[in-house]
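# Residue-level structural notes
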Amino acid sequence: MAAKETPWLFRTYAGHSTAAASNALYRTNLAKGQTGLSVAFDLPTQTGYDSDHELARGEVGKVGVPVNHLGDMRALFKDIPLEQMNTSMTINATAPWLLALYIAVAEEQGADVAALNGTVQNDIIKEYLSRGTYIAPPAPSLRMITDVAAYTQKHLPKWNPMNVCSYHLQEAGATPEQELAFALATACAVLDDLKGKVTAADFPNMVGRISFFVNAGIRFVTELCKMRAFVDLWDEICLTRYGVTDAKYRRFRYGVQVNSLGLTEAQPENNIQRIVLEMLAVTLSKNARARSVQLPAWNEALGLPRPWDQQWSLRMQQVLAFETDLLEYGDLFDGSTVIEAKTAELRDAAWAELQDVLSLGGAFAAVDELKGRLVRSMAERSRRIEAGDQMVVGVNAFTESEPSPLDTPGNILTVDPAIEAQLKAEVVQWRADRDDAAVQAALTALKAAALDGTNIVDASIVLAKAGGTTGEWSSVLREVFGEFRAPTGVNAAVGRRVGELAAVAEYVKTMAGGPPRFLVAKPGLDGHSNGAEQIAVGARDAGMEVVYSGIRLTPEQIVASARDEDPDVVGLSILSGSHLSLVPAVIAGLRAIGLDTPVVVGGIIPEADRATLLAAGAAAVYTPKDFQLAKIMHDVAHLAARHRSS
């Protein structure tokens, strides 16, 4: 029996409403035994908008903390000594800016910047493929990723400059082989670019500082073997592709959040055992054990978890680490023929997939193709669940249920709508109180750095200290680099009209006036497009004409599209909690221009909000428990028919 090991870092992914409220939550969680911070930023911050921007409407503080400027970052970490903290920031497109603000606050605290320990996620590929919080096109985005890495090499030797994030790939439908291959292809693209920014002597150390952020799903054995395959493949890539001979720089270092895709709104108490089993998949195998773990709460399929819900998830980790004897033993699976065979199967399939991606020019060049593959994989997953081939307890099997004592009023955290008005007023006041000349000079210097190829982190820090805002920083880069519209992948999904969906397709053929036109749209900044994409695929497979232009639309843009496209039904998909603001805005906009087009809504919508949306004029509301795509398509087709005849 080996000496008991130090456990992994215990994290909870947290942040909401305001910097001050999030700071209080962080300090409470640290007092409860959490050993690292994992910061969730709101969607405006992630996509480079200030709280008073029109696209931020309804999104401020909903899925994370808003950070508009240095004052917000200062409040976020008040009384938390950054020199002693391990901080993970889930930030990508605006990673150089948030790191700059973090450094500026650390310097204000008197910290030794070289001692700062943590990670910026800084992975834009999965934003193009799954989450949608990108800003710039692939080439300049890659440059900003490696600018951050090169800066940390010189100034933050303990900081991980990139967290290659395969978590959201699985959320978008990736198979284990795709998750392995696409993540490794992203890492290769970054390291290939980084070679030109650091010395040959420093390069192996930088390889060693690339970390990963991985998903653990419910297929316990497969997920465990996936992690062992990750370890083997990364070691092989570091040794053969990059010539890293020091074994410590070839270690596969990863943190994990267990699967949120598999959490269910129906019988949510089942999510507890799902979370525990998924945690075991990334902790039981010592040779492939996560370095940090953050667990979702049981009610994240319903909305934002409360502090007590997060505490429950934290205690799961602590019980495993401190009450069991897991950390007293070596790897439990070494020598297992079952584990070794499954690991080899995944490793070989992922290697073949990786070589295919590299042959397409790598992850950044192949964004369109990779997106199409993920949409196809998710469509296949949806079909398996709907057909009953993939069992989800409480959803498509064993649905009989006693009333749940967890299903009580107030079982999710809601953000006061007044917070948005408060933050808008505060950012306006911040701009009024600062030295505007200093800000303008810093913005000019940032633009010059973006244009001439100078590392943008230094200029970002100067802007942060001068009082620049998130929106001002990103507006400079939008001007220099342009904005990007990622592919939807919908056309790549080959449909199969089977079962009830085939019956809907037959009905659509009989409709007077031809097949209905269905406008699918995502208002606001919510980039989680998986649901909208699957609705678009399902509608097309049912024979409808589908209009879907992707994510990040204002209500006004959706209304204009409806005016131009003349759809029979408008479908709105929102997962960020902004539905009470954005859905009524779209409906009011349609009615203002004389359109009575029916509007259906889907997303993470608490049951209590259903009546509010229906009262606002929505024709139907669908939540995650409405997993039967054929039924939704049936409803949409008949709604279109009724509207035509009215």
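For the structure given in this document, a descriptive report is provided here. (Residues numbered from 1 in each chain as written. Predicted model: local features only at pLDDT ≥ 70, side-chain atom pairs only at ≥ 80, totals over all residues. Heavy atoms only, no water.)

Running from N to C, helix H20 (residues 530-541) and helix H24 (residues 629-645) point in directions that differ by 65°, and their axes come no closer than 10 Å. With respect to their mutual orientation, H20 and H24 come out roughly perpendicular. The way H20 lies across H24 gives a crossing that is right-handed. On H24, the residues that touch Gln534, Ile535, Gly538 and Ala539 of H20 are Leu629, Ile632 and Met633. (Axes fitted to C-alpha atoms, helices over the stretch in contact; angles between N-to-C directions. Helix = DSSP H or I, 4+ residues; strand = E, 2+ residues; numbered from the N terminus. Parallel < 35°, antiparallel > 145°, perpendicular 65-115°, else oblique. Left-handed = near helix turned anticlockwise from the far one by under 90°. Contact = heavy atoms within 4.5 Å.)

Here helix H12 (residues 307-322) is 16 residues long and its end C-alpha atoms lie 22 Å apart, about the 22 Å a rise of 1.5 Å per residue gives. All of the buried residues in H12 are Asp309, Gln310, Ser313, Leu314, Met316, Gln317, Gln318, Leu320 and Ala321. (Expected span 1.5 Å × (residues − 1). Buried < 20%, exposed > 50% of the residue type's maximum accessible area, 1.4 Å probe, protein only.)

Our next topic: the side chain of asparagine 271. Considering the arrangement of structural elements, one finds asparagine 271 in helix H11 (residues 270-281). Judged by relative accessible area, asparagine 271 falls into the buried class, the value being 0%. Within polar-contact distance, the side chain of asparagine 271 engages the backbone nitrogen of threonine 264 at 2.9 Å. Other than its neighbours up to four places away in sequence, asparagine 271 contacts Gly262, Leu263, Thr264 and Trp298. (Polar contact = N/O pair within 3.5 Å; in protein donor to acceptor, adjacent residues only side chain to side chain.)

Turning our attention to the packing of aromatic side chains. This model, assessed by the stated rule, comprises 16 aromatic pairs. Residues tyrosine 128 and tyrosine 134 carry aromatic rings whose centres are separated by 5.5 Å and whose planes lie at 50° to one another, so their mutual orientation is tilted. Tyrosine 134 shares its class with tyrosine 128; the two are buried. With centroids separated by 5.5 Å and ring planes inclined at 35°, the aromatic side chains of phenylalanine 252 and tyrosine 254 adopt a geometry described as tilted. A connected cluster of aromatic rings, assembled from ring pairs, spans Phe212, Phe230, Trp234, Phe252 and Tyr254. Directly above the ring of tyrosine 134 sits arginine 552, whose terminal nitrogen or CZ lies 4.9 Å from the centroid. (Phe/Tyr/Trp six-rings, centres within 6.5 Å; stacked < 30°, edge-to-face > 60°. Lys NZ or Arg CZ within 6 Å of the ring centre and 35° of its normal.)

Note that threonine 186 resides in helix H8 (residues 176-194). The exposure class of threonine 186 is buried, given its relative accessible area of 2%. From its side chain, threonine 186 meets the backbone oxygen of phenylalanine 182 in a polar contact 3.0 Å long. In contact with threonine 186, not counting residues within four places along its chain, are Asp123, Ile125, Met162, Val164 and Ala363.

Another aspect to go through is the nonpolar core. Judged by nonpolar contacts, the single largest core of 117 residues is most densely connected at Phe212, Trp234, Tyr254, Phe518, Met544 and Met633. With 12 residues, the single largest contributor to this core is H8. Not counting residues within four places of it along the chain, the set of residues in contact with tryptophan 234 comprises Leu184, Ala187, Leu191, Val207, Ile210, Phe212, Arg250, Arg251 and Phe252. Core analysis: the second largest hydrophobic core is formed by 56 residues, Leu37, Val105, Ile461 and Trp473 among them. (Core = buried A, V, L, I, M, F, W, Y, C linked by side-chain atoms within 4.5 Å.)

This part is about the sheet that holds strand E9 (residues 254-258). Adjacent strands of a sheet pair through backbone hydrogen bonds, lying either parallel or antiparallel. Reading across the sheet, the five strands line up as E1-E10-E9-E8-E7 and stay open at both edges, with parallel pairing between neighbours. Each edge of the sheet is formed by a strand with only one pairing partner; in this case those strands are strand E1 (9-11) and strand E7 (162-165). Strand-to-strand twist in this sheet, taken as the mean axis angle between neighbours without regard to direction, amounts to 25°. By the bridge criterion, four bridges tie E7 to strand E8 (residues 210-216) in an arrangement that is parallel. Note that in E8 the partner of valine 164 across the bridge is phenylalanine 212. (Pairing = 2+ DSSP bridges.)

Pairing in this open sheet of five strands is parallel, and the strands run E12-E11-E13-E14-E15 from one edge to the other. In this open sheet, the two edge strands, each paired with only one partner strand, are strand E12 (545-548) and strand E15 (620-622). Each adjacent strand pair in this sheet contributes to an overall mean axis angle of 20°, direction not counted. Two elements, strand E11 (residues 517-521) and E12, share four bridges in a ladder whose sense is parallel. Of the residues in E12, the one forming a bridge with valine 520 is tyrosine 548.

This paragraph deals with the pattern of salt bridges. Per the stated rule, a full pass over the model turns up 41 salt bridges. A salt bridge links glutamate 556 to arginine 57; the nearest nitrogen and oxygen atoms lie 3.0 Å apart. Of the two residues, glutamate 556 is situated in helix H21 (residues 555-565) and arginine 57 in the loop between helix H2 (43-47) and helix H3 (70-76); the sequence distance between them amounts to 499 residues. In the salt-bridge network here, residues are joined through shared partners; they are Glu353, Asp356, Glu369, Arg373 and Arg376. (Salt bridge = Lys/Arg side-chain N within 4 Å of Asp/Glu carboxyl O.)

To continue, consider a nonpolar patch on the surface. Where nonpolar side chains cluster on the molecular surface, the patch consists of Met391, Val393 and Phe398 and spans about 310 Å² of accessible area. By relative accessible area, which is 55% here, phenylalanine 398 ends up exposed. (Patch = residues over 30% accessible without salt bridge, like charges linked within 9 Å, V, L, I, M, F, W, Y side chains within 5 Å. Areas by Shrake-Rupley, 256 points an atom, 1.4 Å probe, with all protein chains shown as cover.)

On the secondary structure map, methionine 144 appears in helix H6 (residues 138-155). Sequence separation between methionine 144 and leucine 354 is 210 residues; the distance between their C-alpha atoms is 24 Å. Beyond its immediate sequence surroundings of up to four residues, methionine 144 is in contact with Pro96, Ala136, Ile456, Trp473, Leu477 and Phe481.

What follows is about the environment of alanine 24. Among the structural elements, alanine 24 can be located in helix H1 (residues 19-31). Linking alanine 24 and isoleucine 574, residues 550 residues apart in sequence, is a C-alpha distance of 28 Å.

Another aspect to go through is the pairing of strand E13 (residues 569-574). By the criterion of burial, E13 is predominantly enclosed, with six of the six residues buried. Here E13 shows no split at all, with Val569, Gly571 and Ser573 on one side and Val570, Leu572 and Ile574 on the other all buried. Strand direction decides the pairing type here: E13 and strand E14 (residues 599-603), joined by five bridges, are parallel. Looking at the pairing, serine 573 lines up with glycine 602 of E14. Note on the crossover from E13 through helix H22 (residues 579-592) to E14: the handedness is right-handed. (Right-handed = clockwise from strand over helix to strand, strands pointing away.)

This part is about the environment of leucine 261. Here leucine 261 shows up in the loop between E9 and H11. If near-sequence neighbours (up to four positions away) are discounted, leucine 261 is found in contact with Gln170, Glu171, Met378 and Arg381.

This paragraph deals with the packing of H8 against helix H13 (residues 337-359). Relative orientation of the contacting elements H8 and H13 amounts to 50°, with a least axis distance of 8 Å. With respect to their mutual orientation, H8 and H13 come out oblique. You can see that H8 and H13 cross each other, and the crossing is right-handed. Of the residues in H13, those in contact with Pro176, Glu177, Gln178, Leu180, Ala181, Phe182, Leu184 and Ala185 of H8 are Leu346, Ala349, Ala350, Glu353, Leu354 and Val357.

Our next topic: the pairing of E9. The buried count for E9 comes to five of five residues, which makes it a mostly enclosed element. What you see with E9 is no split at all: Tyr254, Val256 and Val258 on one side and Gly255 and Gln257 on the other are buried throughout. As paired strands, E8 and E9 are joined by five bridges and run parallel to one another. Within E9, the residue paired with phenylalanine 212 across the bridge is tyrosine 254. In this fold, the crossover linking E8 to E9 by way of helix H10 (residues 220-240) has right-handed handedness. When E9 meets strand E10 (residues 292-294), the two strands line up parallel, connected through three bridges. Across the sheet, residue glutamine 257 finds its bridge partner in E10, namely glutamine 294. Crossover connection from E9 via H11 to parallel E10: handedness right-handed.

So, to be careful, I would describe these as geometric facts and stop short of saying anything about function.
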